[in-house]
Amino acid sequence: MNVGIVLYPTFGGSGVVATELGKALAFKGHTVHFISYSQPARLDFFSENIFYHEVSVLKYPLFEYAPYETALASKMVDIVKTAHLDLLHVHYAIPHASAALLAKFILKEQGINIPVITTLHGTDITLVGREATFEPVVSWSINHSDGVTAVSESLKRDTHANFHISRDIRVIPNFIDFSRFSKKPKEHFKKAIAPNGERILVHTSNFRKVKRVEDVVRVFAEVSRAMPARLLLIGDGPERSNIEKIARELDICERVTFLGKQEAIEEILSVCDLFLLPSESESFGLAALEAMACEVPVVSSNAGGIPEVNVHGVTGYLSDVGNVASMAGHAIALLSDEALLLDFRKNALHKAKEFDLKKILQEYVSYYEEVISNQLGS
Ligand code: GMT
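Being a predicted model, the structure only gives us computed values, none of them experimental.

A. Representation of the packing of helix H11 (residues 286–293) against helix H14 (residues 338–352) within the structure. Taken N-terminus to C-terminus, the directions of H11 and H14 make an angle of 120 degrees; their axes are 7 Å apart at the nearest point. Between H11 and H14, the angle falls in the class oblique. Regarding H11 and H14, the two cross each other, and that crossing is left-handed. Side by side, H11 and H14 meet where Leu289, Met292 and Ala293 of the first sit next to Ala348, Leu349, Lys351 and Ala352 of the second.

Set out below in structure tokens:
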């Protein structure tokens, strides 16, 4: 198959999933054309099956807001024609889905039928997409795509609840590549971070408000009152300075390390004992899955799709959003019981295997084939 993947190029979850999916498709022999406004963060190698097409927007004094959607649609028209694509797969509804549908209609007038699949990732439905400014276009784009997938059952339910949807949505969950994410022998690293055998807690995110990183720090403060512990914070974003301030107020700075954005997250996760994910809203929780693949249990909120990944009392614990006392209680109970922690580590890995890339990739390929054959029959 010859697939065009439209994505955000940054470290955000949807861009990571789209890039990893494209890489896996290319590895299986498919040809993949990535389309975005800059080189995707995880696309830093050569492959004969992978192409990257940059969308550049003309700067003109009249444009207070650069017309990215128009430039993107024009780029898609060009790539579908010149690279003879079989399918456009766009990740994150805004504005990728409506831009793809514009390209589709332009191409139809030229006698080319290009199927469009839209994958909904989370904030395009639960936060941004619900805004009155976007809602009519998001609803229309979902209804008119040839195929629509959501990364969790919870996101599918939210989409039906918040938009006027008259079509079926296929749930294809996010995935994990075990060739990269698995527990690595990094004992020397563990010794350096926790020389006296302290428990290591970890959180990774883009430090946006929706992640409630403040709760991470507050849970950790409780844990470190109960036992020797260290907290690793991976990532960066708008809440970073606020979190540093709270850590100072709680007098835990000495035990908290801000690692910033990291490439080899799997190496850091491999030395950790517990992952914290107290998000306000989370369609899936890819960060939790990455931790679980490295045998790290999760204490999290029960928001959105998190319970589909983190199973209460099996792979970790779930609490209501904002219930710091409950999360801290769960964390302390688990970290104080070596045998229970070992069980949860094994369970976390076992559950993560449900989301093995090899299995989920096949679900995407089958869906692509289904949508293409429906299009041919129409
Ligand atoms: O908020 C983020 O983490 C980024 C955001 C995105 O779309 O780039 O992530 C969403 O998509 C991820 C990949 O499908 C999911 O794992 C995240 O749960 C989801 N984030 C939210 O729903 C807040």
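Moving on, there is more to tell.
B. Representation of the environment of Thr82 in the model. Relative to the helices and strands, Thr82 resides in helix H2 (residues 68–82). A relative accessible area of 53% places Thr82 in the exposed class. Expressed as a C-alpha distance, the spacing of Thr82 and Ser224, which sit 142 residues apart in the sequence, is 59 Å. Here Asp78 takes part through its backbone oxygen, which lies 2.8 Å from a polar atom of the side chain of Thr82.

C. Summary view of the site of the ligand. Looking at the ligand, there are 19 residues lining it, with His121, Asn174, Arg208, Glu282 and Ser283 nearest. At a separation of 3.0 Å, an oxygen atom of the ligand approaches a polar backbone atom of Ser14. Considering the ligand on its own, with 480 Å² of exposed area, one finds that the protein chains cover 94% of that surface. Considered class by class, the residues forming the shell around the ligand number five nonpolar, 11 polar and three charged. Counting only domains with at least three residues in the shell around the ligand, you end up with domain 1 (2–175 + 356–377) and domain 2 (187–355).

D. Structural view of a nonpolar patch on the surface. Together, Leu58, Tyr60, Leu62 and Phe63 give the surface a local cluster of nonpolar side chains, amounting to about 480 Å² of exposed area. By secondary structure assignment, the location of Leu62 is in the loop between strand S3 (50–54) and H2.

E. Examining the sheet that holds S3 more closely. The seven strands are arranged S3-S2-S1-S4-S5-S6-S7 in an open sheet whose pairing can be described as parallel. Where the open sheet ends on each side, the last strands, each with one partner, are S3 and strand S7 (170–171). Examined bridge by bridge, strand S6 (residues 147–150) and S7 share two bridges and lie parallel to one another. Among the inter-strand pairings, Ala150 is bridged to a residue of S7, identified as Val171.

F. A look at the domain arrangement of the protein chain. The domain architecture assigned to the protein chain consists of domain 1 (2–175 + 356–377) and domain 2 (187–355). Every contact between the two is made by 22 residues of domain 1 and, on the other side, 16 residues of domain 2. With both chains or domains summed, domain 1 and domain 2 bury close to 1300 Å², and 54% of this area falls on carbon and sulfur atoms. Counting every contact that joins domain 1 to domain 2 gives one salt bridge. Among the salt bridges present, the one from Glu290 reaches Arg42, with a minimum N-O distance of 4.0 Å. Applying the counting criterion to the domain 1 and domain 2 interface returns nine residue pairs in polar contact (both at pLDDT 80 or more).

G. Seen up close, the layout of surface pockets. In this structure, the second largest pocket encloses a volume near 180 Å³. Around the second largest pocket, the lining residues are Tyr8, Glu69, Tyr92, Ala93, Ile94, Pro95, Ser98, Val128, Phe134, Val137, Val138 and Ser141. Counting residues per element, the ones that place at least two in the lining of the second largest pocket are helix H3 (93–109) and helix H5 (135–144). With four residues, H3 is the largest single contributor of residues to the lining of the second largest pocket.

H. Region of the structure containing the state of the cysteines. Enumeration according to the criterion identifies zero disulfides in this entry. In this structure Cys253 is a free cysteine whose sulfur lies 19 Å from that of Cys272, the closest cysteine sulfur available. Summary of cysteine pairing: Cys272 is not part of a disulfide, and the nearest cysteine sulfur, belonging to Cys294, is at 9.0 Å. For Cys272, a relative accessible area of 0% corresponds to the buried category.

I. Quick look at the side chain of Ser205. Residue position: Ser205 is located in the loop between strand S8 (199–204) and helix H8 (213–226). Within the local environment of Ser205, its side chain forms a polar contact with the side chain of His203, the two groups lying 2.9 Å apart. Setting aside its immediate chain neighbours within four residues, Ser205 contacts Lys211, Val213, Ile234, Gly235 and Asp236.

Analysis parameters
Residues numbered from 1 in each chain as written. Predicted model: local features only at pLDDT ≥ 70, side-chain atom pairs only at ≥ 80, totals over all residues. Heavy atoms only, no water. Axes fitted to C-alpha atoms, helices over the stretch in contact; angles between N-to-C directions. Helix = DSSP H or I, 4+ residues; strand = E, 2+ residues; numbered from the N terminus. Parallel < 35°, antiparallel > 145°, perpendicular 65-115°, else oblique. Left-handed = near helix turned anticlockwise from the far one by under 90°. Contact = heavy atoms within 4.5 Å. Buried < 20%, exposed > 50% of the residue type's maximum accessible area, 1.4 Å probe, protein only. Polar contact = N/O pair within 3.5 Å; in protein donor to acceptor, adjacent residues only side chain to side chain. Near = heavy atom within 4 Å. Areas by Shrake-Rupley, 256 points an atom, 1.4 Å probe, with all protein chains shown as cover. Nonpolar A, V, L, I, M, F, W, Y, C, P; charged D, E, K, R; others polar. Domains from an automatic or database assignment. Patch = residues over 30% accessible without salt bridge, like charges linked within 9 Å, V, L, I, M, F, W, Y side chains within 5 Å. Salt bridge = Lys/Arg side-chain N within 4 Å of Asp/Glu carboxyl O. Pairing = 2+ DSSP bridges. Buried area = accessible area lost by both parts, 1.4 Å probe. 1 Å grid on protein atoms, 1.4 Å probe; cavity = no way out; pocket = protein on both sides within 12 Å on 5 of 7 lines; lining within 4 Å. Points joined across faces, edges and corners; volume = space filled by probe spheres on them. Disulfide = S-S within 2.5 Å.

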